[in-house]
Amino acid sequence: MADIEFKKVVKSYGDVKVIKSLDLSIKDKEFMVLVGPSGCGKSTTLRMIAGLEEITEGDLFIGERRVNNVHPKDRDVAMVFQSYALYPHMSVRENIAFGLRLRKMPKDEIDTLVDEAAKTLGLTPLLDRKPKALSGGQRQRVALGRAIVRKPSVFLFDEPLSNLDAELRVQMRAEIAKLQKRLAITSVYVTHDQVEAMTMGDRIAVLHDGDLRQVGTPLELYDTPANLFVAQFIGTPNMNVAKGNISEDGSKISIGSIEFAVPAKWKDACKANAGKPIHVGFRPEHTLPDDEHDWKNTARLSGHVDIVETLGHEVVVYVTIEGLDKRVIAKADVHKTPTPGDAMSVDVNLDELHLFDGETDERLSS
Amino acid sequence: MGRLRDWLYVQNTGGRLTTLLLFLPPALMIFTLFAILPIAESGLYSFYNWNGFVPLADGGRWVGLRNYEQILGHSVFHQAVWNTARIVIISMLIQLPLAMVLAMLIASKSAVNNVFRLIFFLPFILADVVAGLIWRFIYDGNYGLVAAITHLFGLEPFYPLADQSWAFNAILVVVVWKYFGYHMMIYIAGLQSVSDDLIEAAKLDGATPIQIALRIKLPLIWPAIRLSIFFSVIGALQFFEMAVPLVQSGGPGGSAHTIVTYLYEYGIVRSRVGFGSAVGVILFLVCVVFAFTYQRYVMASHK
């Protein structure tokens, strides 16, 4: 059992609080992704689990054990670094075996384990090479091998794929996720890439400015973002957000000069917040040209096309909307690609609307 | 003509020829004047018995290899070579390990470490002669630190620099004190280039601080170590200035001579320029052979 539990954990450097009271539980065998923009505290959080950063306040538990003052080597965690951190003077075999040799394991046992790990990761032909003679992807695998060979109770990944090219990244993403499921070891994975977070994590924790903004499965985060930050951070292209108001009787929402009736699922929330300013969010995939959908409950936005990005399977269109002073991102069919400057009307699927409090940025409770 | 112009044009790609013609002659001239010519001259003198006061043609007497024979058979020269070797041995066994331990302790950047670095580096900043003078006072059996110690324990006054079996050991202490800071700085520079990630990875792999030092840091700064070994051997071969204020004429019974003080004593002080030149030639050959072998077999190896 190796669940990880943060209880009111604070990390500060002098007067600067990088982590402000973090409460987070990571379940046994779970793949938890910590995601957020640079400087949000996600790496610091990971390094606190590893024991490479001291904890200023609060408690951190791995399993049943409080580890605040436990030395990294006694925490039974393995970490894959962004730089891979391979020992340059050792061969691949020695790199993978280093941790085992320090544990005074018999030599033949070490060899068996190293060979096994090498086989899992396809490193067998490279065992006698030095890291210098490996490609980025191969080094990445060696770093993984060094972590898995020890069969630790926790895996930590610090942006392990950010130095790889796009294709390799997609491939390694899948491999790491698969490996983690097979080994069934609690894993914490730090990334700033929300696609990595969405595709790999059992659950995702979104951090921003040292605060935990939301924890949940990828779909929970996508479908019901808890606040404006998560809403805009998760999903590509970004969610469209416009400032708006709820009418005094709570039955209508207006954004700019556009007004529409409150959709059914938000009725109660809008009653409770009647007359208040809100943020209205709608994703690009819920914003389509007026003749390309069969939605029932829509609001029409008209304007002209600004930028067109053709992705092959779809087109992303940036439309400047009249009466809104805002550019809205919509998707369109590849075969009806508009031209910049064209007049264009897009419909927003009101059943997929997200509403956030105009002051606190928190999601209205629906 | 056309082909020559083409050839010159190709050779001068990126201004190579121009650079060569402009920059080579001055450097070559200075090097010839101050390095090659003097070496060749002392090579020539080493075959003469000559006092250096009259022109070589008038006062010099060709003696062939006699000077070399005398030097190689001279017991004081043997002592000088052994003493030089002792400097090397002490450097390897005490000075460099000490420098390494201190470097590892104070390599990380902090205000306190800066103070320690300065303190340890201070002896190296002192001029060799000044350091020699300071230690002559320390070693003084009547007034120095040694006197204070013998007095404290109520012992007979002790004069280390005048004691045949102690004089050179006393010098070795000064050598270690004077130069460990320099080697420490080389190691600190090397240690600072070792990435923190590697140290952290080793920590997570379960390495203790000593294991990290021996199995990660040491191998990674091997280039700095072999450089510092090179400097310390060359330094030992050329060791001279600091010995002068400490012991005169090679100390009691010539027991504290090094190769260069031997050269100075028997070549310059006794006006035997030919003899001294021969010592110089031997020293030069030893240096060259060492430098080339070391470069070839140690510095060039990529471990």
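In the annotation of an unreviewed UniProt entry, the entry for chain B reads Sugar ABC transporter permease, and the organism field reads Natronospirillum operosum. UniProt, in the comment section headed Sequence similarities (unreviewed entry), describes chain B in these words: "Belongs to the binding-protein-dependent transport system permease family." Per UniProt, the comment on chain B under Subcellular location (unreviewed entry) is "Cell membrane".

Going by the annotation in an unreviewed UniProt entry, the name recorded for chain A is sn-glycerol-3-phosphate ABC transporter ATP-binding protein UgpC, with Natronospirillum operosum given as the source organism.

### Points about the overall build of chain B
Scanning chain B for helices and strands turns up 15 helices and two strands. On C-alpha atoms alone, chain B measures out to a radius of gyration of 25 Å, which is more than a quarter above the 19 Å that the 2.2 N^0.38 rule sets for 303 residues. Taking the principal axes of the C-alpha coordinates as reference, chain B spans close to 75 × 60 × 30 Å.

### Looking at the sheet that holds strand β18 (residues 326-332) of chain A
Residue and element names in this part refer to chain A. Ordered by their spatial adjacency, five strands build an open sheet running β15-β19-β16-β17-β18, and the pairing between neighbours is antiparallel. Pairing within the sheet leaves two strands with one partner each, and these edge strands are β15 (287-289) and β18. Averaged over all neighbouring strand pairs, the angle between strand axes comes to 45°, with direction disregarded. By the bridge criterion, seven bridges tie strand β16 (residues 298-310) to strand β17 (residues 315-321) in an arrangement that is antiparallel. Of the residues in β17, the one forming a bridge with His304 is Thr320.

### A word on helix α7 (residues 128-138) of chain B
Looking at α7(B), one finds that the buried residues are B:Ala131, B:Gly132 and B:Trp135. One side of α7(B) holds all its buried residues, which, seen down the axis, span an arc of 100°.

### Details of helix α12 (residues 222-237) of chain B
Residue and element names in this part refer to chain B. Taking 1.5 Å of rise per residue, the 16 residues of α12 would be expected to cover 22 Å, and the 23 Å separating its terminal C-alpha atoms lies within 8% of that figure. Along α12, the residues classified as buried are Ala224, Ser228, Ser232, Val233, Ala236 and Leu237. Residues of α12 that are buried sit in contact with α5 (75-106), α9 (167-192), α14 (259-269) and α15 (273-299).

Reading the values: rules and limits
Residues numbered from 1 in each chain as written. Chains lettered and ligands numbered in written order. Predicted model: local features only at pLDDT ≥ 70, side-chain atom pairs only at ≥ 80, totals over all residues. UniProt positions renumbered as here; feature names shortened; annotations may be inferred. Helix = DSSP H or I, 4+ residues; strand = E, 2+ residues; numbered from the N terminus. Rg over C-alpha atoms; globule rule 2.2 N^0.38 Å. Pairing = 2+ DSSP bridges. Axes fitted to C-alpha atoms, helices over the stretch in contact; angles between N-to-C directions. Buried ≥ 20, exposed ≤ 12 C-beta atoms within 10 Å, placed from the backbone. Arc of directions from axis to C-beta. Expected span 1.5 Å × (residues − 1). Contact = placed C-beta atoms within 7 Å.

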